[in-house]
Amino acid sequence: LCNRRLNTAATSGSSRDAVLYAAWKRFGLYRATSQHINGHWMRYEYLIMSLGLLGTVLVTLDVELTVPTRPWAGVTLAPYSSDTYSIKTIFTMIISIIPAVQTMLTSLKNQYGYGTKWTAFKLYAESVRKEIYMYRTGVGDNYRNAKFKRQKLAQVIKSLTTKLYKTEAQKISMNTEKVPG
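Now for a description of the structure that goes with this document. (Residues numbered from 1 in each chain as written. Predicted model: local features only at pLDDT ≥ 70, side-chain atom pairs only at ≥ 80, totals over all residues. Heavy atoms only, no water.)

Description of the packing of helix α2 (residues 18-66) against helix α5 (residues 149-164)
Each pair of packed helices can be described by the angle between their axes along with the distance between the axes.
Right, on to step 1. Contact pair α2 / α5: the axes reach a minimum separation of 10 Å and the direction vectors enclose 20 degrees. On the basis of the axis angle, α2 is roughly parallel to α5. Viewed along their axes, α2 and α5 form a crossing whose handedness is left-handed. On α5, the residues that touch Val19, Leu20, Ala23, Arg26 and Tyr30 of α2 are Arg150, Leu153, Ala154, Ile157, Thr161 and Leu164.
Right, on to step 2. Each residue belonging to the contact of α2 with α5 can be placed in one class, and the counts come to 8 nonpolar, 1 polar and 2 charged. (Axes fitted to C-alpha atoms, helices over the stretch in contact; angles between N-to-C directions. Helix = DSSP H or I, 4+ residues; strand = E, 2+ residues; numbered from the N terminus. Parallel < 35°, antiparallel > 145°, perpendicular 65-115°, else oblique. Left-handed = near helix turned anticlockwise from the far one by under 90°. Contact = heavy atoms within 4.5 Å. Nonpolar A, V, L, I, M, F, W, Y, C, P; charged D, E, K, R; others polar.)

Let's talk about helix α4 (residues 114-137)
Right, on to step 1. Between the first and last C-alpha of α4 there are 34 Å, a value that for 24 residues agrees with the 34 Å anticipated at 1.5 Å per step.
Right, on to step 2. Within α4, burial applies to Tyr114, Lys117, Ala120, Phe121, Tyr124, Ala125, Ser127, Val128, Glu131, Ile132 and Tyr135. (Expected span 1.5 Å × (residues − 1). Buried < 20%, exposed > 50% of the residue type's maximum accessible area, 1.4 Å probe, protein only.)

Regarding the environment of Asn145
Right, on to step 1. Within the fold, Asn145 resides in the loop between α4 and α5.
Right, on to step 2. Here the side chain of Asn145 touches Lys147 through a polar contact of 3.1 Å, landing on its backbone nitrogen. (Polar contact = N/O pair within 3.5 Å; in protein donor to acceptor, adjacent residues only side chain to side chain.)

This is the structure in structure tokens:
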């Protein structure tokens, strides 16, 4: 998948589909990495949302146990009794800690820039796919001349890779375990 192999495949006459194969491998690598990053990002999102829901439920339960009467509903509830003081303390501590944990998780999510990195890998994966289809159909200025279209595909893929490495994506290792082929 390195640029040297892409150059060799573009200039050698031994295998006609070597450039196309290398381009598909590059596409698979970018797509697998974007899916991996998106999985991390979604886990953070679900965890933050779940903590928000838990906090809301705990606050509602706390209010229900704290307010002694409901005259509009004709119901009288006993507030926290003295023997359940520890439950009130636990609720208060958990309710106080949840926003701090949410803030910490949001900071971590933003620090690692999963959204930005996912967008970059997804964008460049789709750009590689577009170039592959343009190469295969002979569409576009780069691929009309059959004699040079393999070299043009290799140059375009190298250019896209160089652009990708100038983004936030340079700070992450690519997921090579799930690349087909």
